[in-house]
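The lines below spell out each chain.
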Amino acid sequence: MRIIFFLSIFLIELCRAQITDTTFAEKLGYPGGSKVLILHVDDAGMSSDSNEGAIEAITKGAATSCSVMMPCPWVPGFVRYLKQHPEIDAGLHLTLTSEWQDYRWAPLACKESVPGLTDKEGDLWPSVEDVVKHASADEVETEILAQLQRADNMGFVPTHLDSHMGTLFASPDFLQRYIKVGIEKHIPVMLPGGQDVLIRQQTHAPDAMIKQMQGIGKILWAAGLPVLDDLHNFSYDWKIPDAIANDDKKLQAFKTAKYIEAIKLLLPGITMMIMHCTKTTEVFPYISSSGAVRKGDLLAMTDPAFKAALKKEGIIVTTWRELTQRRNNIH
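Residues numbered from 1 in each chain as written. Predicted model: local features only at pLDDT ≥ 70, side-chain atom pairs only at ≥ 80, totals over all residues. Heavy atoms only, no water.

### Focus on the environment of Thr-302
Going by this rule: Labels follow the DSSP assignment, with helices taken as runs of H or I lasting at least four residues and strands as runs of E lasting at least two, numbered in each case from the N terminus. Definition of a polar contact: a pair of N or O atoms within 3.5 Å, with one able to donate and the other able to accept a hydrogen when the atoms are protein atoms, and with sequence-neighbouring residues admitted only if both atoms are side-chain atoms.
Within the fold, Thr-302 resides in the loop between helix 11 (291–301) and helix 12 (304–312). Sequence separation between Thr-302 and Thr-22 is 280 residues, and the spatial gap between their C-alpha atoms is 33 Å. For Thr-302, the side chain forms a polar contact with the main-chain oxygen of Leu-299, separated by 3.3 Å.

### Re the side chain of Thr-271
Counted only if it meets this: Each residue gets one of three labels from its accessible area relative to the maximum for its type: buried under 20%, exposed over 50%, partly exposed in between, using a 1.4 Å probe on protein chains only. Residue contacts follow a heavy-atom distance rule, with two residues in contact if any of their heavy atoms lie within 4.5 Å.
Here Thr-271 is to be found in strand 6 (residues 269–275). By relative accessible area, Thr-271 is classed as buried at 1%. Other than its neighbours up to four places away in sequence, Thr-271 contacts Val-36, Leu-37, Ile-38, Leu-198, Asp-230, Leu-231, His-232 and Leu-266.

### Observations regarding helix 6 (residues 137–153)
Side chains of residues three or four places apart in an α-helix project in the same direction, reflecting 3.6 residues per turn. Just so we agree on the cut-off: A helix is expected to reach a length of 1.5 Å times the quantity of its residues less one.
Under the 1.5 Å per step criterion, the end-to-end length of helix 6 is 24 Å for 17 residues, consistent within 8% with the ideal 24 Å. Contacts made by the buried residues of helix 6 are with strand 3 (90–94), helix 5 (128–134), strand 4 (161–163) and helix 7 (172–185). Phi turns positive one or two residues past the end of helix 6, at Gly-155, with a value near 75°.

### Examining the packing of helix 3 (residues 48–59) against helix 4 (residues 75–84)
This is how it is decided: Throughout, an axis means a line fitted to C-alpha atoms (over the contacting stretch in the case of helices), and angles, computed between N-to-C directions, take values from 0 to 180 degrees. Oblique is the label for any angle not covered by the other classes, which are roughly parallel (under 35 degrees), roughly antiparallel (over 145) and roughly perpendicular (65 to 115).
Contact geometry for helix 3 and helix 4: axes closest at 10 Å, N-to-C directions at 25°. With respect to helix 4, the element helix 3 is oriented roughly parallel. Contacts from Asn-51, Ala-54, Ile-55 and Thr-59 in helix 3 reach Gly-77, Phe-78 and Tyr-81 in helix 4.

### Side note on the state of the cysteines
Put simply, the test is: The term disulfide is used for any two cysteine sulfur atoms that are within 2.5 Å.
Here the structure, examined in full by the defined rule, presents zero disulfides. Just so you know, Cys-66 is unpaired, no disulfide at all, and the nearest cysteine sulfur is the one on Cys-277, 10 Å from it. A relative accessible area of 0% means that Cys-66 is categorised as buried. Counting only cysteine sulfurs, Cys-66 is the nearest neighbor of Cys-72, a cysteine outside any disulfide, at a range of 14 Å.

Here is the structure:
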């Protein structure tokens, strides 16, 4: 494992030496070479446990941002909290799948207008592949707009848009609608449009796809929106050893070490690091078997050792709201 870790460092340094373009962080006024990080919690609104985890990770931990799954049943409680704490950075976690076996949700758009988004039970499809196979780009855009409309109806102004399970990145047509809505509504969208070193490592995306993302990044910037330089989306795949899954102290140490390793590999620029902080109760196993992964994220974000590591590595933490303010100040 140490050999793999040091090999990763070598590859990162090699890529760093090859990167000459100005980062989006520098374009937004951060000093040259700055490593700017959004520590982002997905899946707010999915459950009460998800809400409590997101809130604790942001108010008591190192997390700086979150996004809300508008079709899910615990959205009203989270939005009520946001209204009481408007300083919290919260976007829309655009949701086109309903992946759990016994705990599911339906689209917000009228089902007759989005038949390709629903399974035979009337819920959103359980997998990304199902959505790509059955849904049209028009249906996807209709549902995106319905989720935005619900937020508006509730008085919730999102700081950004992102994609649950990456569904909007699974089809060029879906991606085009995602970008279209973001530009038309002038809402920042999660898209790594810079050097894309980390996301390339995670997805093994071909050069053509990376170049396409970088091209879209330039379009978003030209439209007056902030753009990420890279995306870190590894954390959900860090396998928790069975021996520590039920031991909070060991779980925290394991996950904190993983996140500290991750921030050491950051390149200059703006990176968004995705996590799923959840304050799991005895109910959560009835929703998902991912409780230890999500609880570990919360424990890491609230670990003083992680905050100390951010400071030691000189990481500048930020929010989508701050990025938008900086972009708006550039003429």
